[in-house]
Amino acid sequence: MSNLFLKTLRDDPADAEVASHRLLVRAGYIRRAAPGGFSWLPLGWEVYRKVENIVRDEMNKAGFQEVHFPALLPREPYETTGRWTEYGDNLFRLQDRKGADFLLAPTHEEMFTLMVKDIAASYKDLPVSLYQIQTKYRDEARPRAGLLRTREFVMKDSYSFDLTDEGLDESYAAHRKSYIELFDRLGLPYVIVSAMSGAMGGSKSEEFLSPMDIGEDTYIRCTACDFAANVEAVTTPVPDEIALDGLPEAVVHDTPGTPTIETLVVFVNQDASMRHPERDWTAADTLKNLVVNLKHPDGTIEPLAIGVPGDRDVDMKRLEAVVAPAEAEPFSEEDFAKHPSLAKGYIGPGVLGENNASGIRYLVDPRIVTGTAWVTGADSHGNHVINLTAGRDFTPDGVIEAAEIRPGDTCPACGSEVEIARGIEIGHIFQLGRKYAEALDLWVQGEDGKPATPTMGSYGVGVTRCLAAIAEATSDDIGLCWPREIAPADVHLVMAGKEGGPQRDAAEQLAAELEARGLRVLFDDRVKVSPGVRFKDAELIGIPTIAVAGRGIASDAPTIEVKDRRTGEQSDIALADVVDHLVATCRP
């Protein structure tokens, strides 16, 4: 380590929010270069390459073939598929000196499709699965959490090309199996959840999430069956419709000072003329109507009204997943001024809908079915209506999955209760279908001699994100704690004696013998560094086995202290036996 380009830090970086960010910087693995961009130091680059090589090895074992594309790409293919516009502000755009438009690729669907179009001519050339490990770029509005959300990152992205949907199912299954083996090998805990395909489009979709409280993805898992899904992909069980005959009429009441669900419920339960005939009203009996603006990639703004049961909020991530590539923005006071039919705090279905006074498209939660009666705004300040009934008194323009999901909700698969958890997305697989092949005119000659359009699958792994997730999952209060297969060394050898003592000679001899036996050794031979600092650095850097040449060397029966970084277990091993012991430990 006396010659290693390394500097450890005692204090956390000021901008670090999560453990992986704090520790990777403090342990001398990475340094911040710009918002959302990091430089790799020797130890960090060693770990990164190990993660990348494991990813590559698993892809090759599955029979997928590696290619490589530039990160700087022309506008035209992305214009053809519509993604030049759809990506909006997330796309890095630039021009060359001649004024031609280019982009820094966020994904490479278009380029893979064009490569197969150039090479494959016949059904005999398919199926094929191609992959690359490449740097990607996305202009994140708020890069955060170190390597977990950056503007520049490394992904393994692969694509399968098949002639039939049955072939796509087989390719999808092969990639799914490969991902399971990959994440098992990396030592990452994970769950597989149903998901949405996002800006890439497609149908069947699953995410591999590493469960962690700091994760940006929220998912549900059933307490009884094996169902799990990202909340953005959860479908709400739809209740049966109720016959309209005999239902009470809707009545408008004065409800002054009740602009919130909470104040409304208290008010209607206190007034005898509005009380429920059988029980107290609850927030679940109310209909909450939220108006937002959808900002489309081309800059156009479209207002949208969403109706949800009043005991739930609109989940903005679920909403944006449904309306993508548009972005949802709050409705401002200026927007309300442009729509005088909207009584803020008292908005009801009466004015909502493309054919009603506001002209604003109105989509409701799937639970709002014909015959359900609600307490909701009467479209005038200080007034609400009771028993406003769907299918009789109002008809929405459609249905939307945007209400928040809560613990205890019904499992869509078995009807039991679900629980909520958070995770970091480390992989995503989905079936693209023929969207890109059709847009870019990819076809091959079929077995019947006629043109046939291949169907595609897309499969991504966040390589740098996996590294950060491993650091996050395996670290403890004192430092990193790498799985052995991706650690920068097998043994961290610490010399802990006075300069001129027997420890240096013994440590140097031990390091040489271990390396001769094929182990990778990080040897802390620094001078003018206290043993305490060396011990703390060994724990911070996180190599799985720590060996200390200290006081035991000077005894009549020389020993080396061997410590397991993860468990903290330590033992004194005779110097004559320590090489065999460490080889057996590191290469079981």
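Owing to the predicted nature of the structure, the values given are computational and were not obtained by experimental measurement.

What counts, and where the lines are drawn
- Residues numbered from 1 in each chain as written.
- Predicted model: local features only at pLDDT ≥ 70, side-chain atom pairs only at ≥ 80, totals over all residues.
- Heavy atoms only, no water.
- Helix = DSSP H or I, 4+ residues; strand = E, 2+ residues; numbered from the N terminus.
- Salt bridge = Lys/Arg side-chain N within 4 Å of Asp/Glu carboxyl O.
- Buried < 20%, exposed > 50% of the residue type's maximum accessible area, 1.4 Å probe, protein only.
- Contact = heavy atoms within 4.5 Å.
- Pairing = 2+ DSSP bridges.
- Right-handed = clockwise from strand over helix to strand, strands pointing away.
- 1 Å grid on protein atoms, 1.4 Å probe; cavity = no way out; pocket = protein on both sides within 12 Å on 5 of 7 lines; lining within 4 Å.
- Points joined across faces, edges and corners; volume = space filled by probe spheres on them.
- Nonpolar A, V, L, I, M, F, W, Y, C, P; charged D, E, K, R; others polar.

Caption draft 1: Representation of unusual backbone geometry. Going from Leu126 to Pro127, the amide bond is cis rather than trans, its omega being 5°. With respect to the secondary-structure elements, Pro127 resides in the loop between α5 (109-119) and β7 (128-137). Of note, Ala145 is a non-glycine position whose phi angle comes to about 60°, a positive value. Relative to the helices and strands, Ala145 resides in the loop between β7 and β8 (152-162).

Caption draft 2: Here's a closer look at the pattern of salt bridges. With the rule as written, the count across this model stands at 46 salt bridges. Residue Asp157 pairs with Lys136 through a salt bridge whose shortest N-O separation is 2.6 Å. Taken together, the residues span a long stretch of sequence, with Asp157 in strand β8 and Lys136 in strand β7 at a distance of 21 residues. Residues Asp157 and Lys136 agree in their burial class; the two are buried. Glu539 serves as the salt-bridge partner of Lys563, at 3.0 Å between the closest nitrogen and oxygen.

Caption draft 3: Region of the structure containing helix α13 (residues 531-541). Within α13 the residues assigned to the buried category are Arg534, Asp537, Ala538, Glu539, Leu540 and Ile541. Against the buried residues of α13 lie α1 (19-26), α2 (42-61), β25 (491-495), β26 (521-524), β27 (545-549) and β28 (559-564).

Caption draft 4: Structural view of the pairing of β26. Of the two faces of β26, the one lined by Val521 and Phe523 and the one lined by Leu522 and Asp524 are each fully buried. For β25 and β26, the ladder comprises four bridges, and the chain directions are parallel. Residue pairing for β26: Leu493 is matched across the bridge by Phe523. A crossover links β25 with its parallel partner β26, the connecting element being helix α12 (residues 502-516), and its sense is right-handed.

Caption draft 5: Focus on the environment of Asp125. Within the secondary structure layout, Asp125 lies in the loop between α5 and β7. On the basis of relative accessibility, which here comes to 38%, the residue Asp125 falls in the partly exposed class. Sequence-wise, Asp125 and Thr255 are 130 residues apart; in three dimensions their C-alpha atoms are separated by 70 Å. Residue contacts for Asp125: discarding those within four places in its chain leaves Ile119 and Ala120.

Caption draft 6: Expanded view of the layout of surface pockets. Taken as a whole, the second largest pocket spans an internal volume of roughly 440 Å³. Lining the second largest pocket are 22 residues; nearest its centre among them are Pro259, Lys288, Asn289, Leu290 and Gly345. Of all the secondary-structure elements, those providing two or more residues to the lining of the second largest pocket are α7 (261-270), β14 (287-295) and β18 (373-377). A total of five residues in the lining of the second largest pocket trace back to one element, the largest contributor, which is β14. Among the residues forming the lining of the second largest pocket, the class breakdown is eleven nonpolar, seven polar and four charged.

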